[in-house]
Structure formats: structure tokens, C-alpha cells
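Structure assessment
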Amino acid sequence: MDGAAHGNLLGFWAWAYSGLVGNTLRGALAEYIVALALGVAHGTRVDWDSVDIRLPGGRQVEVKSAAYLQEWGQSRLSGISFSIAPAEGWNAVTGEVEPNRLRRADVYVFCLLKHQDKETLDPLDLTQWTFYVLPTAVLNEYRRDQRTLTLSSLLALDPVRSDFAGLRAAVLAPGHGHAP
């Protein structure tokens, strides 16, 4: 070898980004799945934007993910909780930092990779996911400063439960923020 890299982009992607069960990539995969359902999975994902998905018409969507199974060895299934902490944010549209700590999205989509058998776990199999849709206003009424939300607490807030096929309708339902 002459010291030059002999890889290619596809090889890099396979090497660095094939672990879809890990917390970081599972979160990005969940955003992609929701974007697919909403018909906005074109272009490139914007890292660090103050919301995960911006829909035509102004509706903003925050996507959170959790799973019972992890990449590492486990003696039991993971407990399910989602981060919902209000935060500062950088707005990718304006290029401005939004310093107030709040939840900027109109609606949250909580994506649960519900499959519980590691031998057959496939995060690309959309039947292994369940989606819960909840207007941000409900989270803010629940506890404005709450940082995490367990699955049982989420279910107590009566979210719309959906599979992939019904996700678009659930997110665009009246009462979930801006008109579509």
C-alpha cells in the first residue's frame, strides 16, 4: 500500500453506518422512516436543526426512538423511555440560534422498535415498529420541563398509535399543529 485510502463511499457507509440498532443510527433511521411516511425523504438530512422534519405548510415534527433490544449484550430487555427535554436550537432555515429552551415542533412521533427477539431483529422491517403521535401541546400541558417520558407515561397521554401505513394521517390530523 502506498498510504492512500483504497476505499469508496459505499464501503465507508457499510463500515460506519450499518449498525441500525445502536441508539444514534436508530434515531436517524426513525427520522428517515417518518420522513418516508410523510413523503419528504428527499434531499439530505439536516443535522442539528431545531426540529427533525419540516413539512410544507409549516408543520414541524420531532422524532424520538427507543428499542427493547440494543447492539450490546443484554441480560434483559431495555426499559423504554424517550427524551423530550426542551432545548435551545439552531434553525437550519434561518441560520439563527434560538436560545429559549422549549419544544419547537408541533407534533412528536415516538418510534418504538418493538421487536423482542434479537435473532430476527431487523430495523428495516417496518412491521417491527410501532409509532405514537402526540401534539407537543399535550407534552407541554403534562409537564413543561419534563426531560424524559417512559412508555407507560406516554400511553397515559393517549397518543395516536399507528403502524407505518397510518403514520402520515396520524401526523397530519387536525389538532397537531399547523394546517398541512
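So, here's what we can say about the structure.

Analysis parameters
- Residues numbered from 1 in each chain as written.
- Predicted model: local features only at pLDDT ≥ 70, side-chain atom pairs only at ≥ 80, totals over all residues.
- Heavy atoms only, no water.
- Axes fitted to C-alpha atoms, helices over the stretch in contact; angles between N-to-C directions.
- Helix = DSSP H or I, 4+ residues; strand = E, 2+ residues; numbered from the N terminus.
- Parallel < 35°, antiparallel > 145°, perpendicular 65-115°, else oblique.
- Contact = heavy atoms within 4.5 Å.
- Polar contact = N/O pair within 3.5 Å; in protein donor to acceptor, adjacent residues only side chain to side chain.
- Pairing = 2+ DSSP bridges.

1. Looking at the packing of helix α2 (residues 23-38) against helix α5 (residues 164-172)
Direction vectors running N to C along α2 and α5 enclose 75 degrees, while the axes themselves pass 8 Å from each other. With respect to α5, the element α2 is oriented roughly perpendicular. Where α2 abuts α5, its residues Ile33, Val34, Leu36, Ala37 and Leu38 lie against Phe164, Leu167, Arg168 and Val171.

2. Thoughts on the environment of Arg103
By the secondary structure assignment, Arg103 is in the loop between β5 (97-102) and β6 (107-113). Considering only alpha carbons, one finds Arg103 and Arg143, 40 residues apart in sequence, at a separation of 12 Å. If near-sequence neighbours (up to four positions away) are discounted, Arg103 is found in contact with Ile84, Pro86, Tyr108, Thr136, Leu139, Asn140, Arg143, Arg144, Asp145 and Gln146. Of note is the side chain of Arg103, whose polar atom sits 2.7 Å from the side chain of Asn140.

3. Quick word on the sheet that holds strand β7 (residues 129-135)
Strand order in this open sheet of 5 strands is β1-β2-β6-β7-β9, and the pairing throughout is mixed. Unpaired on one side and paired on the other, β1 (53-54) and β9 (160-162) mark the two borders of the sheet. Where β6 and β7 come together, 7 bridges link them in antiparallel fashion. Its bridge partner being in β7, Val109 is matched across the sheet by Val133. The strands touched by α2 are β1, β2 (60-67), β6 and β7; relative to β2, the strand with the most contacts, the crossing angle is about 130 degrees.

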